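# Remarks on the overall topology
What follows is the residue order along each chain.
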Amino acid sequence: MRFLQLFAPLALILPAACGESRSGAVLAYYETYDPRSLDPALSTDVPTGEMATLVYDGLTQFDANGNLLPGLSDRWTAERDGRRYVFHLRPGVKFHDGRPFRAEDVRQSFLRVLSPATRGGRAWPLFPIAGAQAFAGGTAPEVAGIDVLGDTAVAFELVEPLAVFPRFLAMPVASIVPTPAPPDLAEHPVGTGPWRLVAWLHDDYLLFAKHPAYWGTAPAADTLSVRIIPEPLTQAAEFEAGRLSVVEIPFSETRKWEAEHPEWLQRKPALRITYVALNNRRGPLRDPRVRQAINHAVNVPEILRTIWGSRGIRARGAIPPTLPGGDTTRAAYDYDPTAAKRLLAAAGYPNGLALRLWRTGTNVALGRVCQAIQADLEKVGIRVEIVVRDASSQREAARKGVADMAILDWWADYPDGDNFLYPLFHSASFGPGGNYAFYSDPVTDSLILTARRTLDDATRTAQYREIDERVFRAAPWLYLWFPVDLWAKHPSVEGWEIPVIFTGQRWTGAQRAP
């Protein structure tokens, strides 16, 4: 019965996705794998986060360019130097099932995420709230830092000042659900967002209808279908056949699409970085001169051009250039094998050394990048063995500190320079926290914590730039590039742009042209 109920709507939308519907009626997107759940408390992956963003709202939200916007809170204030935040709630909002949105829904939604009974989620965006970690650990009966102020506002007392806290509340896990939450929320979500789930055939498609009573601007299209298409070449074929509204162009296909369909393409620098973590606690890599030598020995611009199709901006730090604090004018590590050999000799390795570089076996393009790095390092006497493992084993080796070098990428959870500093370089983030280089510097730690407490945007941006410069000169990584996303948009689709953050595209302005 469930299959028949789901199959009929899909049969109706597929002709529309090919262009047979009235203007603006239907849009078609895709995911590479089935969402884990549509319960925001269990949002741990991109497909789940993207789909949750369609159905639910948070107190704040991001737009396609990563700007922080009001959500269910129409305004907020920081008090006590950023230790307390008061979020004033938007009036007149209703959930998809008609229930009114209330301040208590915020408290209950956060308690539900933090509850020890909730297994498998990522509750860390709420941990800055006083008492949140104790409640999540089962050692406290309540979260003392959440204060419901009647029906119009909610206040949060934090453990310590945190300037980026409002950005944390735009993440899917902080989405608001009704109280009590439906027991089958994972399959039948109820939110306040612009889209309602109509059907979900696992590993095949999801179908959404616009929520006409949405508190914001309701979607311009009537329907959004999201198909599950794992293979990039199949995604491209479906797009060219008119059955997808947009498609991401694989790096290997860049030249082909630039030559054949340049008018369909959109480019945008991504909020992520590709790099090689150099384990600062292992053998020769303890010496910053060795790490600096590695940066001088690898011809990053050539690899970027020949293997990555020039779809990247050379990294001169860890903060993406589109974020405040990023710096594209900083002096890079020039390709200079002579300087590399000189640094190695000064560090006590005139005859070179041996290292192991870990990579995943599934990413062919990054495999070629590793081979190019291996060849360049060989020229200065650094003998590299490439270790190929599945993605989870490679990342686990990096987290445990048993890898000399590991080629990785880091995707922004929230669009702020802090997300490229605290998890990647603070000593509290060793291993699973994101600091796979095990970089440790008390001055850097102190500067990062100062920036996190700084509410003034201009001052905090200057602090980010100072921290990024300091870390860059210590060379905890082999710095590669910030990827540039390349997508094709069907000529009939208007009002869609590449999101820099995966929760930044809610498909409300997109529609098929007349």
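Right, let's walk through the structure included here.

In this section: the sheet that holds strand 10 (residues 223–228). Strand-to-strand pairing in sheets goes through backbone hydrogen bonds, with the strands running parallel or antiparallel. Taking strand neighbours across the sheet as the criterion, the four strands line up as 1-10-9-8 in an open arrangement whose pairing is mixed. Of all strands in the sheet, those with a lone pairing partner are strand 1 (26–31) and strand 8 (195–201), marking the two edges. On average, each strand axis in the sheet is inclined to that of its neighbour by 20°, with strand direction left out of account. Where strand 9 (residues 205–210) lies against strand 10, five bridges are found, and the strand directions are antiparallel. By the bridge assignment, Leu206 is partnered in strand 10 with Val226. Of the strands in this sheet, strand 1, strand 8, strand 9 and strand 10 are in contact with helix 2 (residues 46–55), which crosses strand 1 at around 150°.

Right, let's talk about the sheet that holds strand 4 (residues 73–79) for a bit. The four strands lie next to each other as 4-5-7-6, forming an open sheet whose pairing is antiparallel. Each having just a single partner strand, strand 4 and strand 6 (146–149) make up the two edges of the open sheet. The average angle at which neighbouring strand axes cross in this sheet is 20°, direction not considered. Across six bridges, the pairing between strand 4 and strand 5 (residues 84–89) is antiparallel. Paired with Thr77 across the bridge in strand 5 is Val86.

This part takes up the side chain of Arg460. Tracing the backbone through its elements, the reader meets Arg460 in helix 15 (residues 457–474). A relative accessible area of 4% means that Arg460 is categorised as buried. In contact with Arg460, other than residues within four places in its own chain, are Ala163, Arg167, Asp416, Ala451, Thr454 and Leu455.

A complete count under the given rule lists 28 aromatic pairs for this structure. Ring centres of Tyr214 and Trp215 lie 4.9 Å apart, and the angle between their planes is 45°; on these two criteria the pair is classed as tilted. Accessibility expressed as a relative area gives 24% for Trp215, which makes it partly exposed. Among the aromatic residues, those joined into a ring-pair cluster are Tyr275, Tyr333, Phe425, Tyr439, Phe472, Trp477 and Tyr479. For Arg272, the ring lying beneath its charged end belongs to Trp411, and the centroid distance is 4.2 Å. The ring of Phe430 carries the charged tip of Arg281 above its face, separated from the ring centre by 5.1 Å.

Membership of the largest hydrophobic core comes to 115 residues, with the highest contact counts inside it found for Phe110, Ile129, Phe156, Phe208 and Trp507. Setting aside anything within four residues of it in sequence, one finds Phe156 in contact with Leu59, Arg83, Arg84, Tyr85, Phe87, Val106, Phe110, Ile129, Gly145, Ile146, Phe165 and Leu169. Listed in part, the 33 residues of the second largest apolar core include Ala347, Leu355, Val380 and Ile382.

This paragraph deals with helix 14 (residues 442–452). Of all the residues in helix 14, the buried ones are Thr444, Asp445, Ile448, Ala451 and Arg452. One side of helix 14 carries all its buried residues, which in axial view fall inside an arc of 130°. As for helix 14, its buried residues are in contact with helix 5 (165–168), helix 13 (422–425) and helix 15.

Looking at helix 12 (residues 391–400), one finds that the buried residues are Gln394, Ala397 and Ala398. Looking straight down helix 12, one finds that the buried residues subtend no more than 100° of arc, so they occupy a single side. Turned more than 90 degrees from where helix 12 packs its buried face, Ser392 and Lys400 sit exposed. Along its buried surface, helix 12 packs onto strand 15 (353–360), strand 16 (382–389) and strand 17 (405–411). Where helix 12 terminates, the next one or two residues include Gly401, which has phi positive at roughly 80°.

Cut-offs applied
Residues numbered from 1 in each chain as written. Predicted model: local features only at pLDDT ≥ 70, side-chain atom pairs only at ≥ 80, totals over all residues. Heavy atoms only, no water. Pairing = 2+ DSSP bridges. Helix = DSSP H or I, 4+ residues; strand = E, 2+ residues; numbered from the N terminus. Axes fitted to C-alpha atoms, helices over the stretch in contact; angles between N-to-C directions. Contact = heavy atoms within 4.5 Å. Buried < 20%, exposed > 50% of the residue type's maximum accessible area, 1.4 Å probe, protein only. Phe/Tyr/Trp six-rings, centres within 6.5 Å; stacked < 30°, edge-to-face > 60°. Lys NZ or Arg CZ within 6 Å of the ring centre and 35° of its normal. Core = buried A, V, L, I, M, F, W, Y, C linked by side-chain atoms within 4.5 Å. Arc of directions from axis to C-beta.

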